[in-house]
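A closer look at the structure
Okay, here's what each chain looks like letter by letter:
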Amino acid sequence: MSKVDLKRELKHLYQASAKEVVHVEVPTFQFLMIDGEGDPNTSQQYAEAVAALFSVAYTTKFMMKKGAQGIDYAVMPLEGLWWSDDMSVFTSNDRSRWKWTMMIMQPHFVEEAMIHAAVAEVRRKKALPAVDALRLESFTEGSCAQILHIGPFTEEGPTIQRVHDFIGARSALAGKHHEVYLSDIRRADPAKWKTIIRQPMVR
């Protein structure tokens, strides 16, 4: 059985430093995705979306491991794209109007047919209302700036500003605010939560 550790292979994208903002080139990857809107702390839609994502991601992993492919790989961390039709809602912290795409990267050898099979298996075993809203989609960010934020999500403001200042001195913002969640927030101390803050920039 072959083993794949994408997080290690893509160390420059998934093991960021908190010391300084850096420029990275992010190639095209495929993600299991689901869209929604609302406050992630209180939205039932958000909770259902994340539950469906992880259920299908882990089911796909075990199907690949036990199937003819015989490939074992680590499930990648949860990621989120965040935006709003009125970007002032971020500074006013009006989370009810936030829009999001939550996603988990899938290895290149995971094909759409395997995702469909995993969705069917999850649907058969669990009552997860969001599972049918999942999709497998390619996503390209290209030129980005990123840094690691350590601490609660509510204290990301200064870290995000550092990223924006870095980009402003070189180029201009592009695309959607992107976060990569490296900690299990159900278990870890909020003061130690690790989140990669990534922002696409004009080349």
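Because the structure is predicted, anything quoted here is derived from the model rather than measured. (Residues numbered from 1 in each chain as written. Predicted model: local features only at pLDDT ≥ 70, side-chain atom pairs only at ≥ 80, totals over all residues. Heavy atoms only, no water.)

Another point: the overall build of the protein chain. A tally of helices and strands in the protein chain yields six helices and ten strands. Against the compact-globule benchmark of 17 Å for 203 residues, the protein chain has a radius of gyration of 17 Å, which places it among compact chains. Projected onto its principal axes, the C-alpha coordinates of the protein chain cover approximately 50 × 35 × 30 Å. Every one of the 203 residues in the protein chain was classed for burial, and the buried ones make up 49%. (Helix = DSSP H or I, 4+ residues; strand = E, 2+ residues; numbered from the N terminus. Rg over C-alpha atoms; globule rule 2.2 N^0.38 Å. Buried < 20%, exposed > 50% of the residue type's maximum accessible area, 1.4 Å probe, protein only.)

One pass over the structure, following the stated rule, counts eight aromatic pairs. Measuring from centroid to centroid gives 6.0 Å for Phe-31 and Phe-139, while their planes differ by 75°, and the two rings are edge-to-face. Highlighted residues: Phe-31 in strand E3 (residues 29-37) and Phe-139 in strand E7 (residues 135-139), separated in sequence by 108 residues. Look at Phe-31 and you get buried, because its relative accessible area is 2%. Taken together through their ring pairs, the aromatic side chains of Tyr-46, Trp-82, Trp-98 and Trp-100 make up a single cluster. The lysine or arginine in question, Lys-61, covers the ring of Tyr-73, its NZ or CZ lying 6.0 Å from the ring centre. In this structure, Arg-198 is placed above the aromatic ring of Tyr-14, and the distance from its NZ or CZ to the ring centre is 5.8 Å. (Phe/Tyr/Trp six-rings, centres within 6.5 Å; stacked < 30°, edge-to-face > 60°. Lys NZ or Arg CZ within 6 Å of the ring centre and 35° of its normal.)

Here the focus is the side chain of Lys-61. Inspection of the secondary structure assignment puts Lys-61 in helix H3 (residues 44-66). The contact partners of Lys-61, leaving out residues within four places of it in the chain, are Ile-71, Asp-72, Tyr-73, Ala-74 and Val-75. (Contact = heavy atoms within 4.5 Å.)

Another point: the side chain of Asp-39. Counting through the fold element by element, Asp-39 comes out in the loop between E3 and H3. Asp-39 has contacts with Arg-95 and Ser-96, leaving out every residue within four places of it along the chain.

Quick look at the packing of H3 against helix H5 (residues 112-125) now. One can describe the packing of H3 onto H5 by two numbers: an axis separation of 9 Å at closest approach and a directional angle of 115°. Crossing geometry of H3 relative to H5 is assigned as right-handed. Contacts between H3 and H5 involve Ser-55, Val-56, Thr-59, Thr-60, Met-63 and Met-64 from the first element and Met-114, Ile-115, Ala-117, Ala-118, Val-119, Glu-121 and Val-122 from the second. Along the lines of polarity and charge, the residues of the contact of H3 with H5 split into nine nonpolar, three polar and one charged. (Axes fitted to C-alpha atoms, helices over the stretch in contact; angles between N-to-C directions. Left-handed = near helix turned anticlockwise from the far one by under 90°. Nonpolar A, V, L, I, M, F, W, Y, C, P; charged D, E, K, R; others polar.)

Another point: H5. Here H5 spans 20 Å end to end across 14 residues, near enough to the 20 Å set by a 1.5 Å rise per residue. For H5, every residue scored as buried is listed here: Met-114, Ile-115, Ala-118, Val-119 and Val-122. An end-on view of H5 places all buried positions within 140° of arc, on one side of the element. For H5, the exposed residues lying more than 90 degrees away from the buried face are Ala-113 and Arg-124. (Expected span 1.5 Å × (residues − 1). Arc of directions from axis to C-beta.)

Time to look at the environment of Arg-97. Here Arg-97 lies in the loop between helix H4 (88-91) and strand E6 (99-106). According to the relative accessible area criterion, Arg-97 is partly exposed, its value standing at 41%. Sequence-wise, Arg-97 and Asp-39 are 58 residues apart; in three dimensions their C-alpha atoms are separated by 7.3 Å.

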